[in-house]
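# A look at the structure
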2 protein chains.
Amino acid sequence: MSASPSSGTVGRRALFRAATAIGVLQLAARQSAAAETVGDLPSWAEGAARQRIVDFVSRVTTKTSADFVPQEERTAVFDNDGTLWCEQPAYVQAVFLADRLRELAPSHPEWKTEQPYAAALAGDLNKVAAGGETAVAKLVMATHAGMTTDQFARIVSDWIAKARHPRFKRPYTELVYQPMLELLAYLRANGFKTYIVSGGGVAFMRPWTERVYGIPPEQVVGSTIKTHFAMQDGKPVLMRDPEINAVNDGPGKPVGINRFIGRRPIFAAGNSDGDLQMLQWTTGAPGARFGMIVHHTDAEREYAYDRQSHFGRLDKALAAAPQAGWLVVDMRRDWRRVFPFE
Amino acid sequence: MSASPSSGTVGRRALFRAATAIGVLQLAARQSAAAETVGDLPSWAEGAARQRIVDFVSRVTTKTSADFVPQEERTAVFDNDGTLWCEQPAYVQAVFLADRLRELAPSHPEWKTEQPYAAALAGDLNKVAAGGETAVAKLVMATHAGMTTDQFARIVSDWIAKARHPRFKRPYTELVYQPMLELLAYLRANGFKTYIVSGGGVAFMRPWTERVYGIPPEQVVGSTIKTHFAMQDGKPVLMRDPEINAVNDGPGKPVGINRFIGRRPIFAAGNSDGDLQMLQWTTGAPGARFGMIVHHTDAEREYAYDRQSHFGRLDKALAAAPQAGWLVVDMRRDWRRVFPFE
């Protein structure tokens, strides 16, 4: 996910997330179904992509293989937006931000005139954009901070149960890629520990990743804001503060992997330039290693985008793939099924 | 570990760590033995302490119990210094810092006159102390930053293999508490996931925690300095930068637990006021929960200290224990054996 990681990534990503999300339609409440998981990659078309994955797993799990990797070293990292679930027409967290902003607006009459809130609420993207990173940070802090960690988890859980994708009219947690669910399960069945390493907020993902992907909270790495410990009516709480702690995107992904996991992965999957350094870090060391890019080539079943997209722009990573030996998955050709509900 | 978490904790702890360590004797190289782990708490004396642990584990693992906790929620957190291994006469990482400083001194002739290096190298603790937090931070950065993460891991591994405790004349990794090794193994055998949550540096612990405690790198939470991703001769590296990222001590422990693990533990063990908020956070919620303090009462077999100690001062947490219902382990009375080599 995200645009170029070189300069102003944070601001631009968050900006596009926030901006494009404004006005995304929300529909009626319904509990999302648990994601189906199966064993042996049945949703992957027979062909080179599937074969490369199976060959790699076989090589690192066969004791007599020169590429054998002990089980505790089998670490696999997955980007989330655009790699495990749909990130079009906007990052889901940006939709959440826009919904939160509208929900909170009645108790913030000053937002009617104060920027960037007024522009954001009016859907005036150019005006929000003119405020730059500061404007976006303000929108994030207005919607993601100022409550306890428990309260925020409940806000996310309630929202994700109600929110619906504007095109597919389903909960976002159903818009996960069936072949990737199968890949996660397949790797775990072969002794891998699977992690999410996302530019999205860790607190936005943890409430539902175990149910949807089978990935527990402690295996989710993401962006964080600061928190502080306090006693509230004699009870210990963690308050979410309006200050960014770490942006886990682009070059921040290897940093986050090292900080949280402390092991170098041997398998990484992403779909955008925000995953470039994670792919480099994972595959740029001796031993058997696997890098993979999901290329969105299927406008009919999902979306088709790469170099021109605001969300999940894929340019540098796609150009680097051939020389780096990363598998580029052609969604239209390599996936027999995209979503579990198909 | 650490002194009062109220104000200036970072500086004071690091200061005492650095200061007291200077001059600690180092002996000849020898590979440390793997720690023995056994099943059923044989090094715990029959009595109330052991019984309370066994009762708690029984309650949360018995399906028909009102206090049953599903396996994925059985998170146990352990402080390291003074809880899992010996922290007297100085935090081990402070000894490491002092050794590194002496080792690097020949390539830093300016340290002969520049403070705080000159004072630290001369063992002039009062002069180092006069420089406050800034002085200590400088010493940490001079010894812990400016190399890749891989290089630092190698430096730590080499040092820990060679360094010897001044009183026990053994590798520090042998000065781990046998009853705590048994407790870790016992909890894991009962479906708990065991974590270290230490004020020490995560990069100083991860190279050896799996071998010594059976705790893998991804289950070690600690203090961190900043790192950044770079390409070095065409290879991706993470450089350790001379800037603190997070201090995982006192009120920073619940923050670290939430950030890294994303679950609220149901079991916490510590030994000092630096663990107070971790104990509060762990036990201050509904459901079966267990807080435990290792009280160092055994000057003969190990050390006896609490309120007056620079390292691992135990004052507020000890005072809070009775009302909070935390188990206070009396090392002399409750442990039949302290170290594995006894």
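Source: prediction; values computed, not measured.

## Topic: the overall build of chain A
- Looking only at helices and strands, chain A features 13 helices and eight strands.
- In chain A, which comprises 342 residues, the share counted as buried stands at 60%.
- Excluding contacts between residues fewer than 6 apart, the proportion of contacts in chain A whose partners are at least 24 apart in sequence is 72%.
- Total accessible area on chain A is roughly 12,900 Å²; 52% of this is exposed by carbon and sulfur atoms.

## A closer look at the packing of helix α2 (residues 48-61) of chain A against helix α8 (residues 178-189) of chain A
Residue and element names in this part refer to chain A.
- In the contact formed by α2 and α8, the axes pass within 11 Å of each other and the chain directions differ by 15°. As summarised for this structure, α2 and α8 are arranged roughly parallel, according to the angle between their axes. Between α2 and α8 the crossing geometry is right-handed. Here Ile-53, Val-54 and Val-57 of α2 come into contact with α8, specifically with Leu-183, Tyr-186 and Leu-187.

## Considerations on the side chain of B:Ser272
- Within the fold, B:Ser272 resides in the loop between β5 (267-270) and α11 (276-283).
- At 3.0 Å, the side chain of B:Ser272 and the backbone nitrogen of B:Gly274 are in polar contact.

## A closer look at the pairing of strand β2 (residues 193-201) of chain B
Residues and elements named next belong to chain B.
- Along β2, eight of the nine residues are buried, which leaves the element largely enclosed by surrounding structure.
- As paired elements, strand β1 (residues 75-78) and β2 share four bridges and run parallel to each other. Looking across to β2, one finds that Ala-76 is bridged to Thr-194.
- Pairing of β2 with strand β3 (residues 220-232) involves three bridges; the strand directions are parallel. Bridge pairing links Val-197 to Val-221 in β3.

## Focus on empty space enclosed by the protein
- Throughout the structure, instances matching the rule amount to five cavities of 30 Å³ or more.
- Estimates place the volume of the largest cavity at around 70 Å³.
- As for the largest cavity, its lining consists of A:Tyr195, A:Glu218, A:Val220, A:Val221, A:Phe260, A:Ile261, B:Tyr195, B:Glu218, B:Val221, B:Phe260 and B:Ile261.

## A short note on the confidence of the model for chain A
Residues and elements named next belong to chain A.
- The pLDDT averaged across chain A works out to 89; a share of 89% of its residues lies at or above 70.
- Across residues 1-12, confidence stays below pLDDT 50; counting only partners more than four residues off in sequence or on other chains, it has 47 contacts.
- Residue range residues 18-38 is modelled with pLDDT below 50. Its contacts to residues more than four positions away, or to other chains, number 66 contacts.
- For this predicted complex, the interface confidence reaches an ipTM of 0.88, while the overall pTM sits at 0.89.

## With respect to the packing of aromatic side chains
- Summed over the entire model, instances satisfying the criterion amount to 41 aromatic pairs over all chains.
- Here the aromatic rings of A:Trp159 and A:Phe204 are separated by 6.1 Å at their centres, their planes lie at 50°, and the arrangement is tilted. Highlighted residues: A:Trp159 in helix α7 (residues 149-162) and A:Phe204 in helix α9 (residues 202-213), separated in sequence by 45 residues. No difference in accessibility class separates A:Trp159 from A:Phe204, as the two residues are buried.
- Between A:Phe260 and B:Phe260, the ring centres sit 4.7 Å apart and the planes meet at 25°, which makes this aromatic pair stacked. With A:Phe260 in helix α10 (residues 252-260) and B:Phe260 in helix α10 (residues 252-260), the pair connects residues from two separate chains. Exposure class is identical for A:Phe260 and B:Phe260. Each is buried.
- Feature note: the residues A:Trp44, A:Phe168, A:Tyr177, A:Tyr303, A:Trp335, A:Phe339 and A:Phe341 constitute an aromatic cluster, connected by ring pairs.
- Between A:Arg167 and the ring centre of A:Tyr303, over which it is positioned, the NZ or CZ distance is 5.0 Å.

## Here we look at the relation of the copies chain A and chain B
- Structural alignment of chain A on chain B gives an RMSD of 0.0 Å, achieved by rotating through 180° and translating 0.0 Å along the axis. In symmetry terms, the pair is related by a two-fold rotation axis. Closest to the rotation axis within chain A is the C-alpha of A:Phe260, separated from it by 3.1 Å.
- Of the residues that chain A buries at the interface, 100% are likewise interface residues in chain B, meaning the two copies contact each other through the same surface.

## Some points on α8(A)
Residue and element names in this part refer to chain A.
- The first and last C-alpha atoms of α8 sit 16 Å apart over twelve residues, in line with the 16 Å expected at 1.5 Å per residue.
- With ten of twelve residues buried, α8 lies mostly within the body of the structure.
- Buried positions along α8 lie against α2, β1 (75-78), β2 (193-201), α9, β5 (267-270) and β6 (290-297).
- Phi turns positive, to about 85°, at Gly-191, one or two residues after α8.

## Thoughts on the pattern of salt bridges
- Per the counting criterion, the structure on display carries 26 salt bridges over all chains.
- A:Lys253 is the salt-bridge partner of A:Asp79, the closest N and O atoms lying 2.9 Å from each other. Of this pair, A:Asp79 sits in the loop between β1 and α3 (92-104) while A:Lys253 sits in helix α10, placing them 174 residues apart in sequence.
- Looking at A:Asp79, the relative accessible area reads 0%, which means it is buried.
- Since its relative accessible area comes to 0%, A:Lys253 is described here as buried.
- It is possible to trace a salt-bridge network through shared partners that takes in A:Glu73, A:Lys193, A:Arg263, B:Glu210 and B:Glu218.

The rules behind each value
Residues numbered from 1 in each chain as written. Chains lettered and ligands numbered in written order. Predicted model: local features only at pLDDT ≥ 70, side-chain atom pairs only at ≥ 80, totals over all residues. Heavy atoms only, no water. Helix = DSSP H or I, 4+ residues; strand = E, 2+ residues; numbered from the N terminus. Buried < 20%, exposed > 50% of the residue type's maximum accessible area, 1.4 Å probe, protein only. Contact = heavy atoms within 4.5 Å. Areas by Shrake-Rupley, 256 points an atom, 1.4 Å probe, with all protein chains shown as cover. Axes fitted to C-alpha atoms, helices over the stretch in contact; angles between N-to-C directions. Parallel < 35°, antiparallel > 145°, perpendicular 65-115°, else oblique. Left-handed = near helix turned anticlockwise from the far one by under 90°. Polar contact = N/O pair within 3.5 Å; in protein donor to acceptor, adjacent residues only side chain to side chain. Pairing = 2+ DSSP bridges. 1 Å grid on protein atoms, 1.4 Å probe; cavity = no way out; pocket = protein on both sides within 12 Å on 5 of 7 lines; lining within 4 Å. Points joined across faces, edges and corners; volume = space filled by probe spheres on them. pLDDT = per-residue confidence, 0-100. Phe/Tyr/Trp six-rings, centres within 6.5 Å; stacked < 30°, edge-to-face > 60°. Lys NZ or Arg CZ within 6 Å of the ring centre and 35° of its normal. Least-squares fit on C-alpha atoms with pLDDT ≥ 70 in both. Expected span 1.5 Å × (residues − 1). Salt bridge = Lys/Arg side-chain N within 4 Å of Asp/Glu carboxyl O.

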